[in-house]
Amino acid sequence: QVQLVESGGGLVQAGGSLRLSCVASGGFSRYDVGWFRQAPGKEREFVAAIRWTGGNTYYTDPVKGRFTISRENAKRTVYLQMNSLKPEDTAVYYCAATYGANWPNTREYDYWGQGTQVTVST
């Protein structure tokens, strides 16, 4: 069993930065981890994912070059560094853990955190 807790969200002006953290308990180190987001009235969408080794990452196009996913397995933590934030990045951000291969698919993920709110103002 894996429990995930996100933190680091908040209110930031457009162009600013935030770093989200996802801290895990339980057997975490061999799981790939993804970040997703969900804006009001919209479906949950994939943002980024990282292999359990940290050696492979994947991003959705709208965040490429602005967001960076990383992990420290010794700290059971996965990060999402978000730079050059835009109002359209406003959403609840979730981390999730998977052994699956299809990272953008929410159904591949076995464990989810409760989410952290990110609000980007103009």
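### Section: the pairing of strand S4 (residues 32-38)
Burial analysis of S4 places 6 of its 7 residues in the buried class, which makes it a mostly covered element. Alignment of S4 against strand S5 (residues 45-50), held across 5 bridges, turns out to be antiparallel. When the bridges of S5 are listed, Arg37 appears paired with Glu45. Counting the residues between successive antiparallel strands, the hairpin from S4 to S5 contains 6 residues, one of them, Gly41, with a positive phi of roughly 80°.

### Focus on the sheet that holds strand S7 (residues 67-72)
Taken in spatial order, the 4 strands make up an open sheet running S1-S3-S8-S7, and their pairing is antiparallel. What marks the edges here is a single partner per strand, and that holds for strand S1 (2-7) and S7. Recorded for the sheet is a direction-independent mean angle of 15° between the axes of neighbouring strands. Where strand S3 (residues 18-26) meets strand S8 (residues 77-82), 6 bridges bridge the pair, whose relative direction is antiparallel. The residue of S8 that forms the bridge with Cys22 is Val78.

The rules behind these values
Residues numbered from 1 in each chain as written. Predicted model: local features only at pLDDT ≥ 70, side-chain atom pairs only at ≥ 80, totals over all residues. Heavy atoms only, no water. Buried < 20%, exposed > 50% of the residue type's maximum accessible area, 1.4 Å probe, protein only. Helix = DSSP H or I, 4+ residues; strand = E, 2+ residues; numbered from the N terminus. Pairing = 2+ DSSP bridges. Axes fitted to C-alpha atoms, helices over the stretch in contact; angles between N-to-C directions.

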